[in-house]
Amino acid sequence: MTGKAISSDDRARLDPVFMQVVLDVQAQLQQTAPTQPGNLAAMFHKETMSDGLQGCAMLIAGWNQGRVDDAGMARAVKALRSLELPELADRVEKLREIDGA
């Protein structure tokens, strides 16, 4: 488990912001649809969406342990970019600097 450590004071202060970003990303991921018709596209989309949601869950778990989880961030960002959601990927990447350091 690696990631950027967040102080307990920063975590308490920034928890609403962090959770709002992650929950918003989760909600938007769940609203996506395959970009092409067909079973293969649907299967790829479902797997990629699942990876993004798992990345978000890893971010939340890491946050609860006082860190911004690198693996969760990488997983979520990769999925978001694969689903052509670069703005959401950028928002997730900015969580690394949530404490301003």
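I will try to describe carefully the structure that is included in this document.

**Re the overall build of the chain**
Within the chain, the secondary structure is distributed over four helices and two strands. Starting at the N terminus and ending at the C terminus, the chain contains elements arranged as β-α-α-β-α-α. The C-alpha radius of gyration computed for the chain amounts to 14 Å, which stays within 12% of the reference 13 Å derived for 101 residues, consistent with globular compactness. Projected onto its principal axes, the C-alpha coordinates of the chain cover approximately 50 × 20 × 15 Å. A buried classification covers 40% of the 101 residues belonging to the chain. Sequence-distant contacts in the chain: of pairs separated by 6 or more residues, those separated by 24 or more amount to 68%. Accessible area of the chain: about 5,900 Å², with a carbon and sulfur share of 54%. Here the chain holds 11 positive side-chain charges and 14 negative ones, and the gap between their average locations is 2 Å.

**As for the environment of Gly62**
Checked against the element boundaries, Gly62 lands in helix α2 (residues 39-64). Each C-alpha atom, one on Gly62 and one on Thr2, is 8.8 Å from the other, the two residues being 60 residues apart in sequence. With residues near it in sequence (within four places) discarded, Gly62 still touches Arg67 and Asp69.

**Some thoughts on helix α1 (residues 8-30)**
Residues separated by three or four positions in an α-helix point in the same direction, a consequence of the helix having 3.6 residues per turn. Taking 1.5 Å per residue, 23 residues should reach 33 Å; α1 reaches 31 Å between its end C-alpha atoms and fits that length. Residue Leu14 marks the point of greatest curvature in α1, where the axis turns by about 60°; the proline Pro16 follows within four residues. Those residues of α1 not exposed but buried are Asp10, Leu14, Phe18, Met19, Val21, Val22, Val25, Gln26 and Leu29. On its buried side, α1 packs onto α2, α3 (70-82) and α4 (86-94).

Definitions and limits used
Residues numbered from 1 in each chain as written. Predicted model: local features only at pLDDT ≥ 70, side-chain atom pairs only at ≥ 80, totals over all residues. Heavy atoms only, no water. Helix = DSSP H or I, 4+ residues; strand = E, 2+ residues; numbered from the N terminus. Rg over C-alpha atoms; globule rule 2.2 N^0.38 Å. Buried < 20%, exposed > 50% of the residue type's maximum accessible area, 1.4 Å probe, protein only. Contact = heavy atoms within 4.5 Å. Areas by Shrake-Rupley, 256 points an atom, 1.4 Å probe, with all protein chains shown as cover. Lys, Arg positive; Asp, Glu negative; His and termini not counted. Charge placed at Lys NZ, Arg CZ, Asp CG, Glu CD. Expected span 1.5 Å × (residues − 1). Bend = angle between axes of the 7 residues up to and from the residue.

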